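# Structure assessment
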Amino acid sequence: MLLEELTKILELSWCKDTSSPSMQDSWNEDNKALGQCAVTALIVNDFLGGKIMRCMCESGSHYYNLIDGKIVDLTVNQFLGEIPLYEEGTSRTREYLLGNEDTNKRYEKLLYNLKQSSA
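Quick look at the structure, then.

Definitions and cut-offs
Residues numbered from 1 in each chain as written. Predicted model: local features only at pLDDT ≥ 70, side-chain atom pairs only at ≥ 80, totals over all residues. Heavy atoms only, no water. Phe/Tyr/Trp six-rings, centres within 6.5 Å; stacked < 30°, edge-to-face > 60°. Helix = DSSP H or I, 4+ residues; strand = E, 2+ residues; numbered from the N terminus. Buried < 20%, exposed > 50% of the residue type's maximum accessible area, 1.4 Å probe, protein only. Lys NZ or Arg CZ within 6 Å of the ring centre and 35° of its normal. Pairing = 2+ DSSP bridges. Axes fitted to C-alpha atoms, helices over the stretch in contact; angles between N-to-C directions. Contact = heavy atoms within 4.5 Å. Disulfide = S-S within 2.5 Å. Parallel < 35°, antiparallel > 145°, perpendicular 65-115°, else oblique. Left-handed = near helix turned anticlockwise from the far one by under 90°. Nonpolar A, V, L, I, M, F, W, Y, C, P; charged D, E, K, R; others polar.

On to the packing of aromatic side chains, then. Taken as a whole and assessed by the stated rule, the structure comprises one aromatic pair. Ring centres of Tyr64 and Tyr86 lie 4.8 Å apart, and the angle between their planes is 75 degrees; on these two criteria the pair is classed as edge-to-face. Pair noted here: Tyr64 is in strand β2 (residues 60–67) and Tyr86 is in the loop between β3 (70–72) and β4 (90–92), with a separation of 22 residues, a long-range link. Assigned by exposure class, Tyr64 and Tyr86 land together as buried. In this arrangement the basic side chain of Arg92 is found over the ring face of Tyr96, its NZ or CZ atom lying 5.2 Å from the centre.

The following block contains the structure:
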């Protein structure tokens, strides 16, 4: 699957239930990427490989991908113009992210939604 196609399907698949618990009350259709970074980074890794990265931004930690030396951040729009501190990013394993029960549950939900959206 190409990045452009994956991006479109993810945008259709994001929902309040796949957003981070701390962001769910603020999640809305106008900012679908809000709270979706960890689960989205896992999905991008599933389909396109690369590394899962974590950096900080004003609102806390943020996950994105590094593929062939290029930053791939499908949820940066959630920050409404703020640029995460990518230069301070460190890699994280899938096991690290999925070791969190809530992240694992939201990842499974997003994967399910993705399959439904692409069917």
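Here the narrative resumes.
If you walk across this open sheet you meet the four strands as β3-β2-β1-β4, and the pairing is antiparallel. Each edge of the sheet is formed by a strand with only one pairing partner; in this case those strands are β3 and β4. Pairs of neighbouring strands in the sheet enclose a mean axial angle of 45 degrees, with direction left out of account. Both strand β1 (residues 51–57) and β2 contribute to a ladder of seven bridges, which runs antiparallel. Note that in β2 the partner of Cys57 across the bridge is Gly60. Packed on one face of the sheet, helix α2 (residues 37–48) meets β1, β2 and β3 and runs near 10 degrees to β2.

All right, on to the state of the cysteines then. This structure, assessed with the given rule, holds zero disulfides. Here Cys37 is not cross-linked by a disulfide; its sulfur's nearest cysteine counterpart is in Cys57, at 7.6 Å. Looking at the unpaired Cys57, the closest cysteine sulfur is the one in Cys55, lying at 6.2 Å. Residue Cys57 is classed as buried on the basis of its relative accessible area, which comes to 9%.

Where helix α1 (residues 3–13) contacts helix α4 (residues 101–118), the axes come no closer than 8 Å and their chain directions differ by 115 degrees. What the angle tells us is that α1 and α4 run roughly perpendicular. Taken as a pair, α1 and α4 cross one another with a handedness that is right-handed. Along the contact surface, α1 presents Leu6, Ile9, Leu10, Leu12 and Ser13, while α4 presents Leu110, Asn113, Leu114, Ser117 and Ser118. Across the contact of α1 with α4, the residue classes tally to six nonpolar, four polar and no charged.

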